[in-house]
Amino acid sequence: MRKELLQAIRSVHAGGKHLDADVATDIALHLVADAPSEREISVLSLAAQGNSNKQIAAKLGVSEDTIKAHMKAIFAKLGASDRTHAVTIAAKRGLIDL
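So, here is what we can say about the structure in this document. (Residues numbered from 1 in each chain as written. Predicted model: local features only at pLDDT ≥ 70, side-chain atom pairs only at ≥ 80, totals over all residues. Heavy atoms only, no water.)

Contact pair helix α4 (residues 53–60) / helix α5 (residues 64–78): the axes reach a minimum separation of 8 Å and the direction vectors enclose 110 degrees. It follows that α4 is roughly perpendicular to α5 by the angle criterion. When α4 is examined against α5, the residues N53, K54, I56, A57 and L60 are found in contact with a partner set consisting of E64, I67, K68 and M71. When the residues that make up the contact of α4 with α5 are grouped by side-chain class, the tally is five nonpolar, one polar and three charged. (Axes fitted to C-alpha atoms, helices over the stretch in contact; angles between N-to-C directions. Helix = DSSP H or I, 4+ residues; strand = E, 2+ residues; numbered from the N terminus. Parallel < 35°, antiparallel > 145°, perpendicular 65-115°, else oblique. Contact = heavy atoms within 4.5 Å. Nonpolar A, V, L, I, M, F, W, Y, C, P; charged D, E, K, R; others polar.)

Here the focus is the packing of α5 against helix α6 (residues 83–92). Two elements in contact, α5 and α6, have axes separated by 10 Å at closest approach and are oriented at 55 degrees. Classified by the interaxial angle, the pair formed by α5 and α6 is oblique. α5 and α6 meet at a crossing whose hand is left-handed. Here M71, I74, F75 and L78 of α5 lie close against α6, whose contacting residues are R83, A86, I89 and A90. The residue makeup of the contact of α5 with α6, split by class, is seven nonpolar, no polar and one charged. (Left-handed = near helix turned anticlockwise from the far one by under 90°.)

In short, the description is geometric, and any link to function would need to be established separately.
Structure below.
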């Protein structure tokens, strides 16, 4: 434990960063658990192309309310406040192509 602490201090002092392995594992598991589903990615990709909820619903053969539910889930999973923010986050994470 002491050796790990010294290594962390030295790394940070040298301008590096340190993240405890247990914390890193918890973060990775959280990100995977909260990742958008394939269907949500499809919805988000269509939204990124400028489609409205109604247009997305028609293309996917579902109701507009279903698309609204998907968008709400996407916002929650990505921590986004709106469609543009969700598209930006997803693109930065490599979930969708623009």
